[in-house]
Amino acid sequence: MGHKKVERIDPLTLALPACGADSHAHLDDEAFDADRSDVLARAEAVGISTIVNIFLNPLEFSAKKGLFAAHSNVAWVLGIHPCDGLRFGEDALEALEKALREEPIVALGEIGLDYHWPDCPREVQLALFARELELARSLHKPVVIHCREAEADCLTVLESHGFAGYPLLWHCFGGDQSLARRLLHNGWMISVPGPVTYPANSAMRSAIATIPDDRLLIETDCPYLAPHPWRGKRNEPAFTVFTAHAIAEIRQQQVEQLWKMTGDNCRRFFGLKRDPLSSV
Ligand SMILES: [Zn+2]
C-alpha cells in the first residue's frame, strides 16, 4: 500500500455563510493557550457564528470562563465528566449547582458513562450520572451526554430516570442505525463529530443518513477528533466545514442548507440567539 501524502486543505477555502455552529468544543483546553484568539477568528472566518464550550468540571469553569468574556458567540456548558468521578465529590456537586444557578450556563454536561478509560469505576460513574441528571431536572437545564463504550447502561439509566422526551443532546455520535433509532425514538438530538469523514466508519454514515433534519447538530469535540484531511492534528471549530461537507454528501443535501439547519438546531436546543455582533 502506498502512503499518499494528505493535502491539508485550508478550511478558509471552504468557508460557508455566517450561521454555522460547533455544538461541542473544549476551547478552554491548554492546547489552545498559545493561539486561542486566532482559533476563534478562523472559526468566524469560515462561518461559525455559535460555539458551545464544554467545561469539564467546576474548577476548570471558574478558572477559565474569563477566557471568553469578550466572545458573546461562545456559550457555556458545565458538568462533571464521568472520567473525573473519583476526583470530585460532594463539594464539586455543590459548586456545580451554584454555578448553574448563578452563571449564564446553557446546559448541564458533558455527563454520562465512559467505559473506555479505566479512570473511574463504573459504580462511581453511575452514581455521579444519576446525581447530575437529578440536578439538571431540578434546574430545568438541557443535558449533554457523553457515552463511550457504555451505550446499554447509558440508555438504561436515561430511560429508567424518565429522560425520554427530555431536552437531551447525544454528543459525539459514532453509532449505527439501531442506536440512532433509539435516540430519536426518545426525542433526543444527535451531534456528529469529525470521524464521520474517516473511511472506515460506514455504519455511522448510514445512521447519519436517517436522522431527521431538525435533530442533527455538528461538533468538533476539539482539540480531539479532527476530521479528514486534518486527522491526527489538533482539531478546532473551523474544521467543522470538512465535517459539514461530508455529512451533506451522505444526506444528499446542499452544504449551505445543512450548515444553516445544524446551526439553527444548535441555537434552538441551547436557547441561543445569533451572535449580536455578527453582521448576518
Ligand atoms: Zn467533550
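Being a predicted model, the structure only gives us computed values, none of them experimental.

Enquirer: Break down the overall build of the protein chain for me, with residues and values.
Expert: The helix and strand tally for the protein chain stands at nine helices and eight strands. Dimensions along the principal axes, computed over C-alpha positions, put the protein chain at roughly 50 × 40 × 35 Å. Relative to its 280 residues, the protein chain shows a buried fraction of 55%. Long-range contacts, defined as pairs at least 24 residues apart, comprise 73% of the intrachain contacts of the protein chain with a sequence gap of at least 6. Carbon and sulfur atoms make up 53% of the accessible area of the protein chain, which amounts to about 12,600 Å² in all. Averaging the coordinates of the 28 positive side-chain charges in the protein chain and doing the same for the 38 negative ones gives two points 4 Å apart.

Enquirer: So, the confidence of the model for the protein chain: which residues are in play, and what are the values?
Expert: Taken as a whole, the protein chain shows an average pLDDT of 95; of its residues, 96% reach a score of 70 or greater. Low confidence marks residues 276-280, where pLDDT is under 50. Its contacts with residues over four positions away, or in another chain, come to four contacts.

Enquirer: Can you tell me about the nonpolar core, naming the residues and giving the values?
Expert: Counting 77 residues, the largest nonpolar core has Leu27, Phe129, Val143, Ile145, Leu158, Trp170 and Phe173 as its most contacted members. Counting residues in hydrophobic clusters, the runner-up holds 14 residues, among them Ile54, Val106, Ala107 and Phe269.

Enquirer: Tell me about helix H1 (residues 36-46), residues and numbers included.
Expert: All buried positions along H1 are accounted for by Arg36, Val39, Leu40, Ala43 and Val46. Projected down its long axis, H1 carries its buried residues within an arc of 130 degrees, all on one side. Turned more than 90 degrees off the buried face of H1, the exposed positions are Ser37 and Glu44. Lining the buried residues of H1 we find strand S2 (48-55), strand S3 (74-78), helix H8 (240-251) and helix H9 (255-270). Backbone geometry just downstream of H1 places Gly47 in the positive-phi region, at approximately 110 degrees.

Enquirer: Would you mind going over the pattern of salt bridges in detail, with residue names and values included?
Expert: Within the structure shown, the criterion is met by 15 salt bridges. With a shortest N-O distance of 2.9 Å, Asp35 and Arg234 are connected by a salt bridge. Taken as a pair, Asp35 in the loop between strand S1 (20-25) and H1 and Arg234 in the loop between strand S8 (216-218) and H8 lie far apart in primary sequence, 199 residues in all. The class for Asp35 is buried, based on a relative accessible area of 18%. For Arg234, a relative accessible area of 27% gives the class partly exposed. Where Lys64 meets Glu60, a salt bridge forms, and the shortest distance between an N and an O atom there is 3.4 Å. Placement of both Lys64 and Glu60 in helix H2 (residues 58-64) is noted, with a separation of four residues, approximately one turn of the helix. The class of Lys64 is partly exposed, set by a relative accessible area of 23%.

Enquirer: Pulling in residues and values, what's your account of the coordination of the zinc ion?
Expert: Only His24 (NE2), His26 (NE2), Glu110 (OE) and Asp221 (OD) from the protein reach the zinc ion as donors, at distances of 2.1 to 2.5 Å. Considered as a linear motif, the donors of the zinc ion on their single chain read H-x1-H-x83-E-x110-D. Highlighted residues: His26 in the loop between S1 and H1 and Asp221 in the loop between S8 and H8, separated in sequence by 195 residues. Here His26 and Asp221 have matching classes, each one buried.

Enquirer: Give me the lowdown on the packing of helix H5 (residues 151-160) against helix H6 (residues 177-185), citing residues and values where you can.
Expert: Think of two packed helices as two axes; the pair is described by the angle between the axes and how far apart they sit. Direction vectors running N to C along H5 and H6 enclose 10 degrees, while the axes themselves pass 12 Å from each other. Relative to H6, H5 is oriented roughly parallel. Seen from H5, the contacting residues are Glu151, Leu155 and Glu159; seen from H6, they are Leu179, Arg182 and Leu183. Class assignment for the residues of the contact of H5 with H6 results in three nonpolar, no polar and three charged.

Enquirer: Run through the side chain of Asp221, naming residues and quoting values.
Expert: The side chain of Asp221 sits in the buried core without any salt bridge; Arg148 is the nearest counter-charge, 7.9 Å away. Dropping the residues within four chain positions of it, Asp221 is found in contact with His24, His26, His171 and Cys172.

Enquirer: Tell me what's going on with the state of the cysteines, and back it up with residues and numbers.
Expert: Summed over all chains, the structure comprises zero disulfides. In this structure Cys147 is not part of a disulfide, and its nearest cysteine sulfur, from Cys154, lies 3.9 Å away.

Enquirer: If you had to explain the packing of aromatic side chains to someone new, which residues and values would you point to?
Expert: Scanning the entire structure with this criterion turns up eight aromatic pairs. Note on Trp230 and Phe239: the rings are 4.9 Å apart at their centroids and 20 degrees apart in plane angle, and the pair reads as stacked. Within the aromatic cluster, the residues linked to one another by ring pairs are Phe55, Phe61, Phe68 and Trp76. Sitting over the face of the ring of Tyr115, Arg122 holds its NZ or CZ atom 3.9 Å from the ring centroid. The aromatic ring of Tyr198 is capped on one face by Arg231, whose charged end is 3.6 Å from the ring centroid.

The rules behind these values
- Residues numbered from 1 in each chain as written.
- Predicted model: local features only at pLDDT ≥ 70, side-chain atom pairs only at ≥ 80, totals over all residues.
- Heavy atoms only, no water.
- Helix = DSSP H or I, 4+ residues; strand = E, 2+ residues; numbered from the N terminus.
- Buried < 20%, exposed > 50% of the residue type's maximum accessible area, 1.4 Å probe, protein only.
- Contact = heavy atoms within 4.5 Å.
- Areas by Shrake-Rupley, 256 points an atom, 1.4 Å probe, with all protein chains shown as cover.
- Lys, Arg positive; Asp, Glu negative; His and termini not counted.
- Charge placed at Lys NZ, Arg CZ, Asp CG, Glu CD.
- pLDDT = per-residue confidence, 0-100.
- Core = buried A, V, L, I, M, F, W, Y, C linked by side-chain atoms within 4.5 Å.
- Arc of directions from axis to C-beta.
- Salt bridge = Lys/Arg side-chain N within 4 Å of Asp/Glu carboxyl O.
- Donors = N, O, S within 2.8 Å, 3.2 Å for Na, K, Ca; no water.
- Axes fitted to C-alpha atoms, helices over the stretch in contact; angles between N-to-C directions.
- Parallel < 35°, antiparallel > 145°, perpendicular 65-115°, else oblique.
- Nonpolar A, V, L, I, M, F, W, Y, C, P; charged D, E, K, R; others polar.
- Disulfide = S-S within 2.5 Å.
- Phe/Tyr/Trp six-rings, centres within 6.5 Å; stacked < 30°, edge-to-face > 60°.
- Lys NZ or Arg CZ within 6 Å of the ring centre and 35° of its normal.

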